[in-house]
Amino acid sequence: MTDLFSSININSSFQRSARIDNKISKEFLDNFVFHDTSKKVLNQISSSLLNSNQSGFTLTGPYGTGKSSLALFLKALISKETSIKKHAEKIANLNNKHLFSKVFLNKKKWFTLNVIGSRADAAESIAEQIDETIHHNWISRGIPPSLKTKTKRTVAGVIKSLNNLIKELNKKDHGLILIVDEMGKFLDYSSGVGSDLNLFQEIAENFSNARLNKEGEPIFIGILHQPFEEYASNLGRSVQEDWQKIQGRFEDIPFSINSEETAHLIEKAIKQKKINNDFNKLANNIIKTINGKVNKSYANTLAKCNPIHPLVTLLLNPISRQRFGQNERSIFSFLNSGEPNGFLYFLQNQTNKNEIYTLDKLFDYLQVNLEPSILVSNIGQAWSEASVSIRRAESLDDQDVIKITKCISLIDLFGKNISLFPSKEILLNCLELSQNKLNKILKDLENKKIIVFRKFKNAYALFSGSDIDLDEVTELNKSKIKDDYDIILSELPQLQPIVAKKHFHRTGTQRIFQRFCLVLTNVKK
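Everything in this summary refers to the structure shown in the same document. (Residues numbered from 1 in each chain as written. Predicted model: local features only at pLDDT ≥ 70, side-chain atom pairs only at ≥ 80, totals over all residues. Heavy atoms only, no water.)

Some points on the overall build of the protein
Then step 1. Within the protein, the secondary structure is distributed over 28 helices and 11 strands.
Then step 2. Taken over the C-alpha trace, the protein has a radius of gyration of 31 Å; the compact-globule value for 525 residues is 24 Å, which it surpasses by more than 25%.
Then step 3. With respect to the principal axes defined by its C-alpha atoms, the protein has extents near 110 × 85 × 45 Å.
Then step 4. In the protein, buried positions account for 45% of the 525 residues.
Then step 5. As displayed, the protein has an accessible area near 27,700 Å², and 47% of this comes from carbon and sulfur atoms. (Helix = DSSP H or I, 4+ residues; strand = E, 2+ residues; numbered from the N terminus. Rg over C-alpha atoms; globule rule 2.2 N^0.38 Å. Buried < 20%, exposed > 50% of the residue type's maximum accessible area, 1.4 Å probe, protein only. Areas by Shrake-Rupley, 256 points an atom, 1.4 Å probe, with all protein chains shown as cover.)

Below is the structure:
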């Protein structure tokens, strides 16, 4: 075990994905990050429930951003266990004026159905969960007669049981929350067998009608990684449009955390035993360079992600949003996987405890583990050009040159969405290089036509053109034909004549003016 690995641990709570059927523990709540995106999602759901009859919601966002964890936290807020509920309320810090408090933290109690999606028929899975949950978790001793009958594994059977459940819960002043995690797996199954989505359409309509008719308070929350129609991409445009219409029955809420929220999650995941002052200074310099002003809170969060370089922490957010074929990687799969050049691999194989996980190492991780999938993604062409540029940089036989090229490549590929560009100031903070060394590297890369300086961005970019100097070639050809005006004019297309229309209307006489190109120097003669 290396010194670095022994001084840093990945929080065990972040080493596994959350499941909505997990038992809610104090440990989960202690490590839960209730960031602004989560607050906005709960607030939006609450606002729609208060101001309309909307009962169906979908949360759509990339893997590993905390959608399932938020669903678990919601369950904690409405839990029957007093200690769990109070602990969650303390974390949420919501007073009675918040919309969420008015909907979920009033006197009404809630009964939850937790469904985990699978590549199977949704009606069968939901029917099974209805019966099991009622049998084990019913709110009183005696189960009502209408709920004792086993739910039929059909759309009609599921809807009938849900309607009965809503009415029985309403009698006891309880609302119903049906949460479907991994809902996309049900859609994948429907897409594979060519079935429709009548069940989800019926759930949305029946839940809305129940609220409209004051028959109960049902809420549906589905968790997705992409919109409905994307799951039907192989079924043709008309089916995609039908699925899109069904999703229109639900209020879709994007769930995409920003870079600062990502940094908070990584900070929670890494158990760093001590804060390095130099690392803190580095984080402050980077934030000031990007934003033009100091943000101590954000910089401190980045500093607590040590030994992950602040620029790596920043870029993990836009990288995690990418879909590389079927290889979607969450932030925590990067942190926890033992894949070559990953963070865990770095910790286990690094002997220098002061070593930092820099951008060049992140590039190596993506190249070794994901390059085939990246090449067929929407950034495949740009990645291919970056790989070629790095191979050309290798001819300079300098490791620092190769590292800087990798840094420029990653920032150029993924930094735009967070207003991060490979300026000289940013590159100076990428690696431990002196100003003179960096200047020499950048000059060598420019001379080799591997990078180019973009004045309007005040930043460098990979040179995507050829090795030909167009300006030089243009001047050379201009010099060759300097005095051959007759040849130049003979190559020009003949100009169309101009008809004097106004003169023709006035006099009835047509006048046509022929146009010619002349050399200005000849006219003066």
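Once the structure has been displayed, the description carries forward.
Observations regarding the pairing of strand E4 (residues 174–181)
Then step 1. Taken across its eight residues, E4 has eight buried, putting it largely inside the fold.
Then step 2. Where burial is concerned, the two faces of E4 agree: the one with His174, Leu176, Leu178 and Val180 and the one with Gly175, Ile177, Ile179 and Asp181 are both buried.
Then step 3. Here eight bridges tie strand E3 (residues 109–116) to E4, and the two strands are oriented parallel to one another. Its bridge partner lying in E4, Val115 is registered against Val180.
Then step 4. When E4 meets strand E5 (residues 218–224), the two strands line up parallel, connected through five bridges. Directly across from Val180, in E5, lies its bridge partner Gly222. (Pairing = 2+ DSSP bridges.)

Some points on the environment of Leu94
Then step 1. Assignment of secondary structure puts Leu94 in the loop between helix H5 (82–92) and helix H6 (99–104).
Then step 2. You can call Leu94 partly exposed: its relative accessible area is 23%.
Then step 3. Sequence spacing of Leu94 and Asn114 is 20 residues, and the spatial spacing of their C-alpha atoms is 25 Å.
Then step 4. Leave out the neighbours within four places in its chain, and Leu94 touches Glu89, Phe100 and Ser101. (Contact = heavy atoms within 4.5 Å.)

Description of the packing of aromatic side chains
Then step 1. Scanning the entire structure with this criterion turns up 18 aromatic pairs.
Then step 2. Centre to centre, the rings of Phe200 and Phe220 are 6.2 Å apart; their planes meet at 65 degrees, and the pair counts as edge-to-face. Highlighted residues: Phe200 in helix H11 (residues 198–212) and Phe220 in strand E5, separated in sequence by 20 residues. Phe220 matches Phe200 in its accessibility class, with the two residues each being buried.
Then step 3. Relative to Tyr365, the ring of Phe334 has its centre 5.2 Å away and its plane inclined at 75 degrees; by these criteria the two rings are edge-to-face. With Phe334 in helix H18 (residues 331–336) and Tyr365 in helix H20 (residues 359–375), this pair connects stretches of sequence that are 31 residues apart. (Phe/Tyr/Trp six-rings, centres within 6.5 Å; stacked < 30°, edge-to-face > 60°.)

Structural notes on the packing of helix H4 (residues 67–77) against H5
Then step 1. It is at 7 Å that the axes of H4 and H5 come closest, and there the two elements cross at 120 degrees. One element, H4, and the other, H5, form an angle in the oblique class. Each of Phe73, Ala76 and Leu77 in H4 lies in contact with H5, whose residues at this interface are Ile84, Lys85, Ala88, Glu89, Ile91 and Ala92.
Then step 2. For the contact of H4 with H5, the residue count by class is seven nonpolar, no polar and two charged. (Axes fitted to C-alpha atoms, helices over the stretch in contact; angles between N-to-C directions. Parallel < 35°, antiparallel > 145°, perpendicular 65-115°, else oblique. Nonpolar A, V, L, I, M, F, W, Y, C, P; charged D, E, K, R; others polar.)

What about the pattern of salt bridges?
Then step 1. In the structure shown here, the tally under the stated rule is 16 salt bridges.
Then step 2. For Arg211, the salt bridge identified is with Glu217, shortest N-O distance 3.3 Å. (Salt bridge = Lys/Arg side-chain N within 4 Å of Asp/Glu carboxyl O.)

Here we look at the side chain of His225
Then step 1. Mapped onto the elements, His225 comes out in the loop between E5 and helix H12 (228–231).
Then step 2. Using a relative accessible area of 18% as the deciding quantity, one classes His225 as buried.
Then step 3. In this view, His225 contacts Thr60, Gly61, Pro62, Tyr63, Lys67, Glu182 and Tyr231; residues no more than four positions away in its chain are not counted.

Description of empty space enclosed by the protein
Then step 1. Enumeration over the complete set of coordinates arrives at two cavities of 30 Å³ or more.
Then step 2. If you add up the space inside the second largest cavity, you get close to 40 Å³.
Then step 3. Lining the second largest cavity we find Leu42, Ile45, Leu59, Leu70, Ala71, Leu74 and Ile221.
Then step 4. Here the lining of the second largest cavity is built from residues that sort into seven nonpolar, no polar and no charged. (1 Å grid on protein atoms, 1.4 Å probe; cavity = no way out; pocket = protein on both sides within 12 Å on 5 of 7 lines; lining within 4 Å. Points joined across faces, edges and corners; volume = space filled by probe spheres on them.)

As for unusual backbone geometry
Then step 1. Residue Asn306 is joined to Pro307 through a cis peptide bond whose omega torsion reads 15 degrees.
Then step 2. Even without glycine at this site, Asn341 takes up a positive phi of about 70 degrees.
Then step 3. Mapped onto the elements, Asn341 comes out in the loop between H18 and helix H19 (343–349).
Then step 4. Under the relative-accessibility criterion, Asn341 is labelled partly exposed at 25%.
Then step 5. A positive phi angle, near 60 degrees, is found at Ser419, a position not held by glycine.
Then step 6. Relative to the helices and strands, Ser419 is located in the loop between helix H22 (399–414) and helix H23 (424–428).

With respect to helix H13 (residues 237–247)
Then step 1. The set of residues buried in H13 consists of Gln240, Trp243, Ile246 and Gln247. Projection of H13 onto a plane perpendicular to its axis shows the buried side chains occupying an angular sector of 115 degrees, all on one side. (Arc of directions from axis to C-beta.)

Quick notes on helix H9 (residues 155–171)
Then step 1. Spanning 17 residues, H9 covers 25 Å between terminal C-alpha atoms, matching the ideal 24 Å at 1.5 Å per step.
Then step 2. All of the buried residues along H9 are Gly157, Val158, Ile159, Ser161, Leu162, Leu165, Ile166, Glu168 and Leu169.
Then step 3. One or two positions beyond H9, positive phi appears at Asp173, with a value near 60 degrees. (Expected span 1.5 Å × (residues − 1).)

Some words on the sheet that holds E5
Then step 1. The five strands lie next to each other as E3-E4-E5-E2-E6, forming an open sheet whose pairing is parallel. Each of the sheet's edge strands pairs with one partner strand only, and the pair in question is E3 and strand E6 (251–254). Each neighbouring strand pair of the sheet contributes to a mean axis angle of 20 degrees, computed without reference to strand direction.
Then step 2. Along the sheet, H9 contacts E3, E4 and E5; its crossing angle with E4, the most-contacted strand, is approximately 140 degrees.

A closer look at the pairing of strand E2 (residues 56–60)
Then step 1. Burial analysis of E2 places five of its five residues in the buried class, which makes it a mostly covered element.
Then step 2. Where burial is concerned, the two faces of E2 agree: the one with Gly56, Thr58 and Thr60 and the one with Phe57 and Leu59 are both buried.
Then step 3. With five bridges joining them, E2 and E5 adopt parallel strand pairing. Across the sheet, the residue bridging to Phe57 is Ile221, located in E5.
Then step 4. One ladder, built from four bridges, connects E2 with E6; its direction is parallel.

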